[in-house]
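One-letter residues, chain by chain:
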Amino acid sequence: MQRIGPYRVVRTIGIGGMGEVFLCALERAGGFEKRVAVKRARAEGAPLALFEREARLAALLDHRHIVQIFDFGRDAEGAWLAMEYVQGVDLKAVLDLGEPVPVGVALEVAVACARGLAFAHRATDTTGRPLGIVHRDVSPHNVLLSFQGDVKLGDFGVALATARAGAAAAIHGKLAYMSPEQAAGAPADPRSDLFSLGVVLYELLAGRRCFFDGGDAAALGARVRAGAPLCPLAEAAPDLPPALVAVVERALAGAPEARFPDGDALADALLAAAGAAGITVGAPALGPWLAQRFGQAQASLGPTPMEATATAAAPIEATAAAAAPARSGPPPASAEAPPAVPPAGPAAAPRSPRRGGWLVVAAALVGAAAWFAWPDAPPPAGPDGAVATA
């Protein structure tokens, strides 16, 4: 029986060049069992020390809308990190269904993410010193939705590693969801994350991409740096209340000072706009709505054919695609995972519906993200705006 620290390994979820993710069980007397996701890092020297330091800091992010870190340790095979196991889907799986997302559901997700970001942005260490967290990769891949109706923001490893290392000009994340200043390699503050969340909310409400059109990365980068969506939200979703459109447009303002000052202000503005328009945030209820669309995945506690960890566990390695399961046919056009080898041609702009749900294992990697920092010019991007790291 394989064990990692006190955890019994149930099965391997993903294997990458710099680590592995396992579904594990913590077992105690009286039949007690708690399932967690455990990530084992393949590192030594300075990267291992960074992984350990950031694991300690990540444990300070204790919020209902942030994937929780439970435990950390070392053994003969290296360091490992135990974190919350979220049975559900990532937001990208919802978007890939190719059907409209109810406004009440979209707003519930956005408000939860904004509250989680607000907490992370003002987080301090045990001495009261600000951690200076900027997530830098707020995207559908890193928003986890449980079948119980919870919304969790994952992958704060990039944020923590960057904040502590002081690499202000490092480029992380997916180009199609970056703020203009982040895409330009300029220093990014918490308002950059609010822009990224604005992009996510735009796509939920409009049912289409905000910046990505299937073209080349250079054109996408120019569009993102200019803060120019492909289509104004009022045109992409003409039935939305003007007050709600105005909130999203403020989040997407090109100048950071024109955006909301913090995540709580954005959440409050969304709730106020919804209330004024008679929209009930959380209606329909998120959990039952997900269950109707991903019922097969919800019913299964064992391995599923569409199980994936790359979305929340990134960056395990240079390409998240290596940790994803094999699919038949071409990949969805909206896949943000950077390919190991550039594709022969550009991806198609429309989303391709996907049958079944991805069972998301929330493994919010910390520390390892610092291994993929670029101090100077932004690296080349994949066809859908994923910054390539290899």
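Owing to the predicted nature of the structure, the values given are computational and were not obtained by experimental measurement.

Per the secondary structure count, the protein chain includes 13 helices and 9 strands. Taken across its 390 residues, the protein chain has 57% of its residues classed as buried. For the protein chain, the proportion of contacts with a sequence separation of at least 24, taken over those separated by at least 6, is 70%. When the accessible surface of the protein chain is split by element, carbon and sulfur atoms take 56% of a total near 14,800 Å².

The next point concerns the environment of His65. Locating His65 in the fold gives a position in the loop between helix H1 (46-58) and strand E5 (69-75). Residue His65 is classed as buried on the basis of its relative accessible area, which comes to 11%. Separated by 46 residues in the primary sequence, His65 and Val111 have C-alpha atoms spaced 9.9 Å apart. For His65, the side chain forms a polar contact with the main-chain oxygen of Val151, separated by 2.9 Å.

A few words on the nonpolar core. Formed by 74 residues in total, the largest nonpolar core has its most connected members in Val94, Leu145, Tyr202, Leu266, Leu270 and Leu290. For this core, the element with the highest residue contribution is helix H3 (residues 103-121), accounting for 12 residues. With sequence-adjacent residues up to four places away left out, Tyr202 is seen in contact with Gly207, Arg208, Arg209, Cys210, Cys231, Pro232, Leu233, Ala236, Val248 and Leu252.

Applying the stated criterion to the full structure yields 2 aromatic pairs. Relative to Phe211, the ring of Phe195 has its centre 6.1 Å away and its plane inclined at 20°; by these criteria the two rings are stacked. Note that Phe195 is positioned in helix H6 (residues 190-206) and Phe211 in the loop between H6 and helix H7 (217-226), a separation of 16 residues in sequence. Of the two residues examined, Phe195 and Phe211, each falls in the buried class.

A few words now on H7. Restricting attention to buried positions, one finds in H7 the residues Leu220, Gly221, Arg223 and Val224. Viewed end-on, H7 has its buried residues packed into an arc of 165°, placing them on one side of the element. Across from the buried face of H7, at angles greater than 90 degrees, the exposed residues are Ala218 and Ala226. Contact partners of the buried residues in H7: helix H5 (180-183). The backbone nitrogen of Ala218 lies 3.0 Å from a side-chain oxygen of the residue at the head of H7, namely Asp216. Directly after H7, the chain includes Gly227, whose backbone phi takes a positive value near 65°.

Another point: unusual backbone geometry. Here the amide bond leading from Ala283 into Pro284 is cis, since omega sits at 0°, within 30 degrees of zero. Position of Pro284 relative to the elements: it lies in the loop between helix H10 (263-276) and helix H11 (286-293). Of note in the backbone geometry, Arg136 takes a positive phi value of approximately 75° without being a glycine. You can see Arg136 is positioned in the loop between H3 and strand E8 (143-146).

The next point concerns the pattern of salt bridges. Throughout the structure, instances matching the rule amount to 16 salt bridges. For Arg8, the salt bridge is made with Glu27, and the minimal N-O distance between the two is 2.8 Å. Of this pair, Arg8 sits in strand E2 (residues 7-16) while Glu27 sits in strand E3 (residues 19-28); the two residues are 19 residues apart in sequence, bridging distant segments of the chain. Residue classification places Arg8 among the buried positions, given a relative accessible area of 18%. Among the charged side chains, a network of salt bridges with common partners joins Arg8, Glu27, Glu33 and Arg35.

Let's shift gears to the sheet that holds E8. Pairing in this open sheet of 3 strands is antiparallel, and the strands run E7-E8-E9 from one edge to the other. The open sheet has two free edges, formed respectively by strand E7 (88-90) and strand E9 (151-153), since each of these has just one partner strand. Neighbouring strand axes in the sheet, compared pairwise and without regard to direction, differ in orientation by 25° on average. Bridging between E7 and E8 involves 3 bridges; their strand directions are antiparallel.

This part covers the confidence of the model for the protein chain. The share of residues in the protein chain with pLDDT of 70 or more is 69%, and the mean pLDDT across the chain is 77. The model gives residues 299-359 a pLDDT under 50, and that stretch makes 147 contacts with residues more than four places away or in other chains. Counting interchain partners and residues more than four positions distant, the pLDDT-below-50 stretch residues 361-384 has 108 contacts.

Attention shifts here to the packing of H3 against H6. Put simply, H3 and H6 touch, their axes get as near as 10 Å, and they point 170° apart. Compared by their axis directions, H3 and H6 come out roughly antiparallel. Counted together, Val103, Ala106, Leu107, Ala110, Cys113, Ala114, Leu117 and His121 of H3 and Pro190, Asp193, Leu194, Leu197, Leu201, Leu204 and Leu205 of H6 form the full contact between these two elements. Looking at the contact of H3 with H6, its residues break down into 13 nonpolar, 1 polar and 1 charged.

Analysis parameters
- Residues numbered from 1 in each chain as written.
- Predicted model: local features only at pLDDT ≥ 70, side-chain atom pairs only at ≥ 80, totals over all residues.
- Heavy atoms only, no water.
- Helix = DSSP H or I, 4+ residues; strand = E, 2+ residues; numbered from the N terminus.
- Buried < 20%, exposed > 50% of the residue type's maximum accessible area, 1.4 Å probe, protein only.
- Contact = heavy atoms within 4.5 Å.
- Areas by Shrake-Rupley, 256 points an atom, 1.4 Å probe, with all protein chains shown as cover.
- Polar contact = N/O pair within 3.5 Å; in protein donor to acceptor, adjacent residues only side chain to side chain.
- Core = buried A, V, L, I, M, F, W, Y, C linked by side-chain atoms within 4.5 Å.
- Phe/Tyr/Trp six-rings, centres within 6.5 Å; stacked < 30°, edge-to-face > 60°.
- Arc of directions from axis to C-beta.
- Salt bridge = Lys/Arg side-chain N within 4 Å of Asp/Glu carboxyl O.
- Pairing = 2+ DSSP bridges.
- Axes fitted to C-alpha atoms, helices over the stretch in contact; angles between N-to-C directions.
- pLDDT = per-residue confidence, 0-100.
- Parallel < 35°, antiparallel > 145°, perpendicular 65-115°, else oblique.
- Nonpolar A, V, L, I, M, F, W, Y, C, P; charged D, E, K, R; others polar.

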